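What follows is the residue order along each chain.
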Amino acid sequence: MNTLRRVVLAAWVLFFAVVALFFAFPKPMSRILHPVTPYFVLLPISVLVLSAIYGVLRVYHLGMKR
């Protein structure tokens, strides 16, 4: 469970770092991200799905402890 928590946290940090870099340096980041822009929406979707899976597993684990 701790490993999944770290993966979710790292994914959110990576997502926000990419967004912050994109706003801080729009021209260089547009050159870097231009080939993958159609797939850029997959990052937030996958992070949200991973967070939902973690939430469900966390609630299940807490329920099984009782």
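Calculation criteria
- Residues numbered from 1 in each chain as written.
- Predicted model: local features only at pLDDT ≥ 70, side-chain atom pairs only at ≥ 80, totals over all residues.
- Heavy atoms only, no water.
- Helix = DSSP H or I, 4+ residues; strand = E, 2+ residues; numbered from the N terminus.
- Rg over C-alpha atoms; globule rule 2.2 N^0.38 Å.
- Buried < 20%, exposed > 50% of the residue type's maximum accessible area, 1.4 Å probe, protein only.
- Areas by Shrake-Rupley, 256 points an atom, 1.4 Å probe, with all protein chains shown as cover.
- Phe/Tyr/Trp six-rings, centres within 6.5 Å; stacked < 30°, edge-to-face > 60°.
- Axes fitted to C-alpha atoms, helices over the stretch in contact; angles between N-to-C directions.
- Parallel < 35°, antiparallel > 145°, perpendicular 65-115°, else oblique.
- Contact = heavy atoms within 4.5 Å.
- Nonpolar A, V, L, I, M, F, W, Y, C, P; charged D, E, K, R; others polar.
- Left-handed = near helix turned anticlockwise from the far one by under 90°.

**Some words on the overall build of the protein**
- Each helix and strand in the protein was counted, giving three helices and zero strands.
- Each helix (α) and strand (β) of the protein, taken in turn from the N terminus, gives the series α-α-α.
- Taken over the C-alpha trace, the protein has a radius of gyration of 16 Å; the compact-globule value for 66 residues is 11 Å, which it surpasses by more than 25%.
- If one aligns the C-alpha atoms of the protein with their principal axes, the spans along those axes are about 55 × 20 × 15 Å.
- Here the protein, with 66 residues, has 14% of them falling under the buried criterion.
- For the protein, the accessible area works out to roughly 5,400 Å², and carbon and sulfur atoms hold 76% of it.

**What to know about the packing of aromatic side chains**
- Across all of its chains, the model carries three aromatic pairs by this definition.
- Where Trp12 meets Phe15, the ring centres are 6.1 Å apart and the plane angle is 80°; that geometry is what we call edge-to-face. With Trp12 and Phe15 both in helix H1 (residues 2-24) and three residues apart, this pair spans about one turn of that helix.
- On the accessibility criterion, Phe15 (13% relative accessible area) is buried.
- One aromatic cluster is present, built from ring pairs that chain together Trp12, Phe15 and Phe16.

**Notes on the packing of H1 against helix H2 (residues 26-33)**
- Look at H1 against H2: their axes get within 6 Å of each other, and the N-to-C directions meet at 125°. The angle between H1 and H2 falls in the class oblique. Of the residues in H2, those touching H1 at Val18, Leu21, Phe22, Phe23 and Ala24 are Pro26, Met29, Ser30 and Leu33.
- Considering only residue class, the contact of H1 with H2 consists of eight nonpolar, one polar and no charged.

**Examining the packing of H1 against helix H3 (residues 42-65)**
- For the pair H1 and H3, the least separation of the axes is 10 Å and the interaxial angle reads 155°. The pairing of H1 with H3 is recorded here as roughly antiparallel in orientation. For the crossing formed where H1 meets H3, the hand is left-handed. Contacts from Leu4, Arg5, Val7, Val8, Ala11, Trp12 and Phe15 of H1 reach H3 at Leu43, Pro44, Val47, Leu48, Leu50, Ser51, Tyr54, Leu57 and Arg58.
- When the residues that make up the contact of H1 with H3 are grouped by side-chain class, the tally is 13 nonpolar, one polar and two charged.

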